[in-house]
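Architecture at a glance
Here's the letter readout for the chains.
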Amino acid sequence: MRAFSRQINKLFLITFLTITSMAVGQTSLKKVDLSIYPKPEKGFKQMVIEVPHSANDSNKKIEFVIGKWMEVDTCNKHGLVGSIEKKDLKGWGYSYYDFTTDGGVISTRMACFENSTVRKFVTSQPKTVRYNGKLPIVIYVPEGYEVQFKIFKAEDDVYHASEVKQK
């Protein structure tokens, strides 16, 4: 009976430590208290990109696009009309981004012989920003829009340009 009681105590201790470490690990994912950022205006939502900190932050860039899922024809290229404005968070030294659009979509004007459509993520022009694993990237977008991002990494190789000899 005593051996069984010790096993239960060990199991309880292991479970407690596991749950505690998981809770501490999850709370450390937030880089900055997002309550310091402005609340989204009516009809907008706040999106956040958080990337892990690494020793190679300076060799990376983040490219994000804002878009919306739409039914479009299959033969033309489509793009979302809108603008991304970088704004300063007064008193904090951080910045955030506002995306505004009237919902307009531009496209090539090729004649489509098939009347088929496809559901596609139609995006604005991409925005490339510095990778910083210590700070989030906060973006305000209209309701119904999403933010997708890619991480670009530079190689360690350095190349040299050739000099053109002038005559």
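The rules behind the values
- Residues numbered from 1 in each chain as written.
- Predicted model: local features only at pLDDT ≥ 70, side-chain atom pairs only at ≥ 80, totals over all residues.
- Heavy atoms only, no water.
- Phe/Tyr/Trp six-rings, centres within 6.5 Å; stacked < 30°, edge-to-face > 60°.
- Helix = DSSP H or I, 4+ residues; strand = E, 2+ residues; numbered from the N terminus.
- Buried < 20%, exposed > 50% of the residue type's maximum accessible area, 1.4 Å probe, protein only.
- pLDDT = per-residue confidence, 0-100.
- Contact = heavy atoms within 4.5 Å.
- Salt bridge = Lys/Arg side-chain N within 4 Å of Asp/Glu carboxyl O.
- Core = buried A, V, L, I, M, F, W, Y, C linked by side-chain atoms within 4.5 Å.
- Disulfide = S-S within 2.5 Å.
- Pairing = 2+ DSSP bridges.

What about the packing of aromatic side chains?
Overall, the coordinates contain six aromatic pairs when judged by the stated rule. Centroid distance Phe64 to Tyr97: 5.5 Å. Interplanar angle 65 degrees. Geometry classified as edge-to-face. With Phe64 in strand β2 (residues 60-73) and Tyr97 in strand β5 (residues 94-100), the pair connects residues that are 33 residues apart, well separated along the chain. Taking the relative accessible area as the measure of exposure, Phe64 reaches 0% and is therefore buried.

Comments concerning the confidence of the model for the protein
With 81% of its residues at a pLDDT of 70 or more, the protein has an overall mean of 86. Segment residues 20-29: pLDDT under 50, and one contact once partners within four positions in sequence are set aside and those in other chains are kept.

Concerning the pattern of salt bridges
Side chains bearing opposite charge may pair, as long as their charged atoms lie close to each other. Under the defined criterion, the tally for this structure stands at one salt bridge. One salt bridge in this structure joins Lys87 and Asp98, with 2.8 Å as the shortest N-O distance. Highlighted residues: Lys87 in strand β4 (residues 83-89) and Asp98 in strand β5, separated in sequence by 11 residues.

Focus: the nonpolar core
In terms of nonpolar packing, the biggest core is built from 18 residues, with Ile49, Phe64, Ile66, Ile137, Ile139, Val141 and Val147 touching the most fellow members. For Val141, the contacting residues outside a window of four places in its chain are Gly43, Phe44, Lys45, Met47, Ile66, Phe99 and Val147. Membership of the second largest hydrophobic core comes to seven residues, among which are Ile36, Tyr37, Tyr96 and Tyr140.

Observations concerning the state of the cysteines
In this structure the tally under the stated criterion is one disulfide. Two residues, Cys75 and Cys112, share a disulfide whose sulfurs are 1.8 Å apart. Taking the sign of the S-S torsion, about -70 degrees here, the bridge from Cys75 to Cys112 comes out left-handed. Of the two residues, Cys75 sits in the loop between β2 and β3 (78-80) while Cys112 sits in the loop between β6 (105-107) and β7 (117-123), which places them 37 residues apart along the sequence. A relative accessible area of 25% means that Cys75 is categorised as partly exposed. Relative accessible area serves as the criterion here: at 25%, Cys112 is assigned to the partly exposed category.

A few points about the pairing of β4
Here seven bridges tie β4 to β5, and the two strands are oriented antiparallel to one another. From the neighbouring strand, Lys86 faces β5, where its bridge partner is Tyr97. The turn joining β4 and β5, which pair antiparallel and follow one another in sequence, is formed by four residues; a positive phi near 85 degrees is taken by Gly91.

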